[in-house]
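# Topology and contacts: notes
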Amino acid sequence: RDLYNYVDTGCLYGCTAMDRAMPIIVVESGSPSDSIASNSEDAKKEAQCNGDLLGPSSALSPEQTDTGEDSDSEEEQNGNAFAKLVRTIQLIKKWASRSPQSDLDRKDSFLNKFRVTGPNIDSAFANGNNPQQSSEHNSTTEGGMYKKRRVINPSGNVLYYWLGLVTIAVLYNIFLIIARETFEQLQERYLALWLTLDYLCDVIYVGDMAIQFFTGYLDNGLLVESPKMLGLHYVKSNAFKLDVVSLIPTDVLFAVFGTKHPIVRINRILRAHRMINFFNRTESRTNFPNLFRIFMLVLWIVIIIHWNACFYYLISDSIGFGSDDWVYPSQANGSNYSSLTRQYIFSFYWSTLTLTTIGEVPGPHRDWEYVFVIVDFLVGVLIFATIVGNVGSMITNVNAARTDFQSRLDSIKQYMQYRAVGKDLQARVIKWFDYLWLNSKTLNERDVLHYLPDKLKAEIAIHVHFATLKKVSIFEQCEAGFLEELVLKLRSQVFSPGDYVCRKGDIGKEMYIIKSGKLEVVDENQNVLAMLSDGGYFGEISILNLSGGGNRRTATVKSVGYSELFCLSKHDLLEALVEYPEAKAILEENGRKLLIKDGTLNADSETLEPAHSSARPTHSAIMRRLEKQEAALEQLQKRFDKILGEYNTLLGKKSSTISL
């Protein structure tokens, strides 16, 4: 225990502070003796430290040290033994106190093959680094510490939530400024509350401008992090001009007009562009875009009706309440129309009937009344057309998938009736369609991902098919580029109960990878030889054209229930192998090992070509040779064009020199 405490203090005789702090081992797993790893430098330092353990201290002069070593070699051996003991205790303690986090953070090496992109913008902001720039431009060093630049991710959650807060402030100003100007009771009753909320919104506006000075943006595909460039970009934008105007302190006019006229703060609604930005981001983030569009449409309609109701009440006030049946009724003492609630509800009701043209309202009598009603009717026509068009489009989009699916099913039904297909087969087809719809398998993945670049397609395909693809042993050692191209060629197929995926003796043109469901391998007498489930695969040998493998199916595979399989055709595989000859060699070697293991190929056979190599070349072999020749010819043509271009350039330069 004393020795352990002595080691714990780090006072190991003459070892220097650097030696005591020096990392000695890298522990991965297992016992201490199996986990010790040191390089040559560490070994030298350790030997030096062990030598220092012999004497009283490293502070002794070299002469004294040499004299001690020459005089007592036996004492040196004892000291070395003691040093080894101390070192062993240190290693045991370090191994026992190691953190298991390194074991938890290990990543699948198979998945790491498909890292087709670098760090995204989000991770770059999280780390304070620009993925496109070197580290010397991303951080500055102060006293050995890296100081991260304060740049806000333009597509991150922090900015999105902040925009939500700004949107609340903007909506407050849009609804309340005109309402408080119109209805005096609303302004007078809650004056303290309104003033508090007004200046709170102003603080949010000021904070929003400060945040925009530190919000990053992309320039030529590169993330700009320079504070000077960020500030200059914001100042030159139109948003900066609107933000400055929206923060002009028009509240000083309260000293002239009094607090009864909050309309002096009307410039605050110019910050509406930030609200629109928030709505656009929300529409792209939400999983229910059509419902959100309906909500947005209703919100804009409510805002228009609200402002129109306030204008109606103001015009009625200027003309005189109750002067005719068009304006707001009289507010004599004891009238039901004198309350604040009735004033707003009546005005809002009148505005809704006028703009939507769905009700009868009293006709105008004065010129100003006629003008206001005409403008309302024109706005109402636009609102009605907008509602009909947008709602109809949204309903169509919501039911687009179902409509397209139903049209396909109807066409199949008509075809089967026209061709007099049996009722049993028709029922199986309809059940198959029902299964696709109920399990959301009606989307054509290639059509959905058509507009994405190939790299993003590959990443999505890897994340979708990763759990299944990694179980296929013949793909384990292939390079990432080949697998990325191969995974894009996988086609999903759904089989009904009792369907035969392949029969014994058929020509093998595809291999199958089971994503979900169960399949039976049966013989001629329908005896079950094996059961295949999720992650299983078969048919890989038949598409490689190996010697001894053949192209015939060696067994019959039948679906037990509804099964979803990924199909890879022979043509797609050979097309991908043209650009990856190394992958072709790996696949052939893996397939050859499987054949040797099954006993269908002689272990001494070295050729991987078809068995009758002296026979006439197959059509596929000829086509591959032609493709290679065409590729070589195209490469020569490119080189010739390049040389010819350089020659013409040089000739032009000489001609200009001669003319001068």
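Before any of the text, the structure's been laid out above.
What counts, and where the lines are drawn
- Residue numbers restart at each chain and count upward from 1, following the sequence in its written direction.
- In keeping with the predicted nature of the model, local features appear solely for residues at pLDDT of at least 70, side-chain atom pairs appear and are counted solely at 80 or more, and the whole-chain, interface and lining totals rest on all residues.
- The basis for every side-chain value is the complete set of heavy atoms in the structure, and neither hydrogens nor water enter the calculation.
- Axes, fitted as lines to C-alpha atoms, cover a helix only where it is in contact. Angles between the N-to-C directions of the axes lie from 0 to 180 degrees.
- By definition, any uninterrupted DSSP run of H or I lasting at least four residues is a helix, any uninterrupted run of E lasting at least two residues is a strand, and each is numbered from the N terminus.
- Any two residues whose heavy atoms approach within 4.5 Å at even a single point are treated as in contact.
- Polar here means any residue other than Ala, Val, Leu, Ile, Met, Phe, Trp, Tyr, Cys and Pro, which are nonpolar, and Asp, Glu, Lys and Arg, which are charged; Gly is therefore polar.
- Only when DSSP finds a minimum of two bridges between them are two strands counted as paired.
- Working definition of a nonpolar core: buried Ala, Val, Leu, Ile, Met, Phe, Trp, Tyr and Cys residues. They are joined through side-chain atoms within 4.5 Å.
- In this scheme, a residue with accessible area under 20% of its type's maximum is buried, one over 50% is exposed, and one in between is partly exposed, where area comes from a 1.4 Å probe on protein chains only.
- Between rings of Phe, Tyr and Trp, where Trp is taken as its six-membered ring, a pair exists when centres lie within 6.5 Å; planes separated by under 30 degrees are stacked, by over 60 edge-to-face, and by other angles tilted.
- To sit over a ring, a charge needs its Lys NZ or Arg CZ within 6 Å of the ring centre and within 35 degrees of the ring normal.
- Counted as salt bridges are all cases of a side-chain nitrogen of Lys or Arg within 4 Å of a carboxyl oxygen of Asp or Glu.
- For classification purposes, angles smaller than 35 degrees are called roughly parallel, those larger than 145 roughly antiparallel, those between 65 and 115 roughly perpendicular, and all remaining angles oblique.
- For any pair of crossing helices, the crossing counts as left-handed if the nearer helix is rotated counterclockwise from the farther one by less than a right angle, and right-handed if it is rotated clockwise.
- Patch definition: residues with relative accessible area over 30% and no salt bridge; like charges joined within 9 Å; nonpolar side chains (Val, Leu, Ile, Met, Phe, Trp, Tyr) joined within 5 Å.
- In these tables, accessible area is a Shrake-Rupley quantity obtained with a 1.4 Å probe, and a residue counts as shielded only by the protein chains included in the view.

## Quick word on the packing of helix H19 (residues 340-356) against helix H20 (residues 367-398)
Running from N to C, H19 and H20 cross one another at 65°; their axes reach a closest spacing of 7 Å. Every residue of H20 that contacts H19 at Trp350, Thr354 and Leu355 is listed here: Phe372, Asp376, Phe377, Val379, Gly380 and Ile383. In the contact of H19 with H20, the residues fall into six nonpolar, two polar and one charged.

## Points about the sheet that holds strand E6 (residues 500-502)
The strand order across the open sheet formed by four strands is E6-E11-E8-E9, and the pairing between neighbours is antiparallel. If you trace the sheet from one side to the other, it starts and ends with E6 and strand E9 (528-532), each paired once. Strand-to-strand twist in this sheet, taken as the mean axis angle between neighbours without regard to direction, amounts to 30°. As judged from the four bridges shared by strand E8 (residues 519-522) and strand E11 (residues 556-559), these two strands associate in the antiparallel manner. Along E11, the bridge assignment pairs Val521 with Val557.

## Details of the nonpolar core
Val170, Leu186, Phe279 and Trp326 are the most contacted members of the largest nonpolar core, which has 40 residues in total. At the level of elements, helix H11 (157-182), helix H13 (191-212), helix H17 (272-285), helix H18 (289-319), H19 and H20 are the ones that each hand at least two residues to this core. It is H11 that contributes the most residues to this core, 13 residues altogether. Filtering out sequence-adjacent residues up to four positions away, Leu186 remains in contact with Leu176, Ala179, Arg180, Trp194 and Leu340. Among the nonpolar cores identified, the runner-up in size contains 21 residues, and Val487, Met511, Ile543 and Phe566 belong to it.

## Considerations on the packing of aromatic side chains
Under the definition given, this model contains 28 aromatic pairs. Arranged with centres 4.8 Å apart and planes meeting at 45°, the rings of Phe183 and Tyr313 form a pair that is tilted. In this pair, Phe183 is assigned in the loop between H11 and helix H12 (184-189) and Tyr313 in helix H18, connecting sequence segments 130 residues apart. Considered together, Phe183 and Tyr313 belong to a single accessibility category, that of buried residues. With a centroid separation of 6.5 Å and 75° between ring planes, the pair formed by Phe495 and Tyr512 is classed as edge-to-face. Residue Phe495 is located in strand E5 (residues 491-495), and its partner Tyr512 is located in strand E7 (residues 510-516); the two are separated by 17 residues in the primary sequence. The same class applies to Phe495 as to Tyr512, namely buried. Chaining the aromatic ring pairs together yields one cluster made of Phe183, Tyr313, Phe321, Tyr328, Tyr337, Tyr344, Phe346 and Phe348. One cation-aromatic arrangement involves Arg271 over Tyr205; the distance from NZ or CZ to the ring centre is 4.4 Å. Positioned over the ring face of Tyr337 is Arg342, at 5.4 Å from the centre of the ring.

## Description of the pattern of salt bridges
Enumeration according to the criterion identifies 15 salt bridges in this entry. A salt bridge links Arg265 to Asp202, with the shortest nitrogen-to-oxygen separation between them at 3.2 Å. You can see Arg265 sitting in the loop between helix H16 (254-257) and H17 and its partner Asp202 sitting in helix H13, a full 63 residues away along the chain. Each member of the pair, Arg265 as well as Asp202, is classed as buried. Between Asp251 and Arg268 there is a salt bridge, with its nearest N and O atoms 2.8 Å apart. Linking Asp251 in the loop between helix H15 (238-246) and H16 with Arg268 in the loop between H16 and H17, this pair joins segments that are 17 residues apart in sequence. Given the relative accessible area of 13%, Asp251 is considered buried. Residue Arg268 is classed as buried on the basis of its relative accessible area of 2%. Via salt bridges that share partners, Arg180, Asp198, Asp202, Asp251, Arg265 and Arg268 belong to a single interconnected network.

## Description of unusual backbone geometry
Its identity as a non-glycine residue notwithstanding, Ala420 has a phi of 55°, on the positive side. Positionally, Ala420 belongs in the loop between helix H21 (400-418) and helix H22 (423-438). Of note in the backbone geometry, Gln526 takes a positive phi value of approximately 65° without being a glycine. The exposure class assigned to Gln526 is partly exposed, which follows from its relative accessible area of 39%.

## Some thoughts on the sheet that holds strand E10 (residues 537-538)
Here four strands make up an open sheet; going across it, the order is E5-E12-E7-E10 and the pairing antiparallel. The open sheet has two edge strands, E5 and E10, and neither has a second partner. Across the sheet, helix H26 (residues 570-577) lies against E7 and strand E12 (563-569), angled at about 50° from E12, the strand it touches most.

## What to know about the packing of H11 against H18
For the pair H11 and H18, the least separation of the axes is 9 Å and the interaxial angle reads 15°. When the axis of H11 is compared with that of H18, the two are roughly parallel. Seen from above, H11 lies across H18 with left-handed handedness. Seen from H11, the contacting residues are Leu171, Ile174, Phe175, Ile178, Ala179, Glu181 and Thr182; seen from H18, they are Leu299, Val302, Ile303, His306, Trp307, Cys310, Phe311, Tyr313 and Leu314.

## A word on a nonpolar patch on the surface
Together, Leu242, Val245, Ile248 and Leu270 make up an exposed nonpolar region whose accessible area comes to about 270 Å². Looking at the secondary structure, you find Val245 in helix H15. What makes Val245 partly exposed here is its relative accessible area of 35%.

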